[in-house]
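# Summary of structural features
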Amino acid sequence: MNSAFAATPPTGPAPLNGQWRGPLKLLGGQITIVITIVPLTNGAYYAALDAPQQRISRMPVEVELKDDDLTLRIEQAGSSFVGRVLDGGATLKGTWKQPGVTAPMVLQRAVASVQAATRFKAAPPYRQTDVSFQNPVTKNYLSGTLTVPAGEGPFAAVVLLSDSGPQSRDVEVTGYRMFGQLADYLTRHGIAVLRFDDRGVGKSSGTYASATTADLVTDAQAALTFLRAQPLVSDHRVGLIGHGEGGNVALLAAAAPNRAPAFVVSLAGYGQTGYDVLLRQQGEIMRLIGSDPAQVKAAQAVFQRTVGIIRQTSDNATARAKVAALLTATNTGIDAAMARARAAQLTSPWSRYFFDFDPQAQLDKVQCSVLLLNGTADLQVSAKRNMMPLAKALHHAKRTVATYKLNGVNHLFQPAPAQWPMVNGAQQAVFSPKALKKIQDWVTLETQLPGGPLPVTVKRPPTGRKPVRTPATARTRG
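Everything quoted here is computed from the prediction, not taken from an experiment.

## Details of the confidence of the model for the chain
A residue-level look at the chain finds 85% of positions with pLDDT of 70 or above and a mean pLDDT of 83. Below pLDDT 50 for its whole length, residues 1-13 participates in 57 contacts with residues either more than four positions away or in separate chains. Between residues 451-478, whose pLDDT stays under 50, and residues either more than four places distant or in other chains, the model counts 48 contacts.

## Focus on the pairing of strand E17 (residues 369-375)
With respect to burial, E17 is a largely interior element, seven of its seven residues being buried. Every second residue of E17 is oriented toward a common face, with Ser369, Leu371, Leu373 and Gly375 on one face and Val370, Leu372 and Asn374 on the other, all of them buried. Alignment of strand E16 (residues 263-267) against E17, held across five bridges, turns out to be parallel. Directly across from Phe263, in E17, lies its bridge partner Ser369. As defined by bridge partners, E17 adjoins strand E18 (residues 401-406) across six bridges and the pair is classed as parallel. By the bridge assignment for E18, Leu372 is matched with Thr403. Remark: the E17/helix H10 (residues 383-396)/E18 crossover connection has right-handed handedness.

## Details of the nonpolar core
With 100 residues, the main nonpolar core has Phe413, Phe431 and Ile439 as its most contacted residues. When residues in this core are grouped by element, the largest group, eight residues, is from helix H3 (residues 213-228). Beyond its immediate chain neighbours, meaning those up to four positions away, Phe413 contacts Tyr176, Met178, His243, Leu267, Ala268, Leu373, Asn374, Leu406, Val430, Phe431, Ser432 and Ala435. Within the second largest apolar cluster, 27 residues are counted, among which are Trp20, Ala47, Ile74 and Phe81.

## Here's the deal with the packing of aromatic side chains
In this structure the tally under the stated criterion is ten aromatic pairs. Cluster of aromatic residues (ring-pair linked, three or more members): Tyr270, Trp350, Tyr353, Phe354 and Phe357. Across the ring face of Tyr275, the terminal group of Arg311 is positioned such that the distance to the ring centre comes to 5.1 Å.

## Observations concerning the pattern of salt bridges
Under the criterion given, the structure shown has 13 salt bridges. Across the pair Asp356 and Arg311 runs a salt bridge whose closest N-O atoms are separated by 2.9 Å. Taken together, the residues Asp356 in the loop between helix H9 (349-355) and E17 and Arg311 in helix H6 (residues 293-312) connect sequence positions 45 residues apart. In this structure Asp356 comes out as partly exposed when scored by relative accessible area, which is 48%. The partly exposed category is assigned to Arg311, whose relative accessible area is 45%. In this structure, Asp441 and Lys437 form a salt bridge, with 2.8 Å as the shortest nitrogen-oxygen distance. Of the two residues, Asp441 and Lys437 are both situated in helix H11 (residues 433-447); the distance of four residues between them amounts to about one turn of the helix. Owing to a relative accessible area of 36%, Asp441 belongs among the partly exposed residues under this scheme. Several salt bridges converge on common partners, so that one network encompasses Asp170, Glu172, Arg177 and Arg195.

What counts and what doesn't
- Residues numbered from 1 in each chain as written.
- Predicted model: local features only at pLDDT ≥ 70, side-chain atom pairs only at ≥ 80, totals over all residues.
- Heavy atoms only, no water.
- pLDDT = per-residue confidence, 0-100.
- Contact = heavy atoms within 4.5 Å.
- Buried < 20%, exposed > 50% of the residue type's maximum accessible area, 1.4 Å probe, protein only.
- Helix = DSSP H or I, 4+ residues; strand = E, 2+ residues; numbered from the N terminus.
- Pairing = 2+ DSSP bridges.
- Right-handed = clockwise from strand over helix to strand, strands pointing away.
- Core = buried A, V, L, I, M, F, W, Y, C linked by side-chain atoms within 4.5 Å.
- Phe/Tyr/Trp six-rings, centres within 6.5 Å; stacked < 30°, edge-to-face > 60°.
- Lys NZ or Arg CZ within 6 Å of the ring centre and 35° of its normal.
- Salt bridge = Lys/Arg side-chain N within 4 Å of Asp/Glu carboxyl O.

Set out below in structure tokens:
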């Protein structure tokens, strides 16, 4: 999904940072809304909305904070929240508006459970190191975590690439650390993992807002180069695992003329054009929050006209003025500031690139095997509309490709909540165990590793010769 940034930099004594949740009353009941707000290194914010009951995740939110006055704009759902920051950030109180609904709303800061906060802090049975590496194209540095299995290796390895929107290395959503869990599982099963903060997030430098999908490929390539150079990593057995847009970044890296990854795993990568993906997401989200068919149709017509203006107007200032005028004229619930902020977002480098991005265009150049995974409960990236076109194009290019649909799994690769484990009396979100096993089995097969960690024995040769390291189970490739 697209990312959203503040129209103005934060001006309060301390930036908002965390998650807030509260009830949204709809006709026939209410649902819980969760807003995640993360300050970026350039002074702006990244924010996203989750509605767990509706299986909506990471819907982009635009943030405007002036002193204690807060405005959140969720244009994709035609919604907004206008209110104030109270109690030092503990409470967000104001009014929620969406088509057909205007209601008071109070969001309280969510406190992560002790279990969720410490899950990955206990000493693991593998090596874990904070690392930093440079993208030679942009010159910015990316910081992350490298986890390496116990033993002497060399090990197969993967780089994890996040979905759209600036993410931290763990890709945390309401206490669920998607990449933290994935890295932990794979490393425990004999695969080294590098995960890193996106540009402008955490300890990474750079500016995410100006990066296109193609630009992010250079970050992936820099991560590959760094990981291949690690002494415990088998440099010809390093692959990419990408989620959402990260899956497409991985495939673009595999199609690049320079050294490609050894394999790619796409977790809900896009198979349709960016424009089609965003149009469908808008419709699905509006239906889930209670919009009627006429409202959905009208909103999508405006989106189509908006993209048409942007495609026909190369000058950003002119395009933004035209888009803001259109949004103001066609939506009585949008004010001038919201229209300007949305126009700026829609004309960003990422948006202009993504509207015309065709994920299938470069697949004939992919140089490695690919695993495609999608969940049947994914409302943002439909398996039928996205995984199948990717698989067809890869087959046509005579690439080795495996596909799996995971029943009941959503876009964040969580199984149905009924299958989450109970911890301290509360259910905790987990990465689908079935998906974890599929990924590990496939990577193990592709890299011809034994099924578990690699115990290593050292044979003592006659004096004067170097020791010979011999894996307990023979491998056909080193």
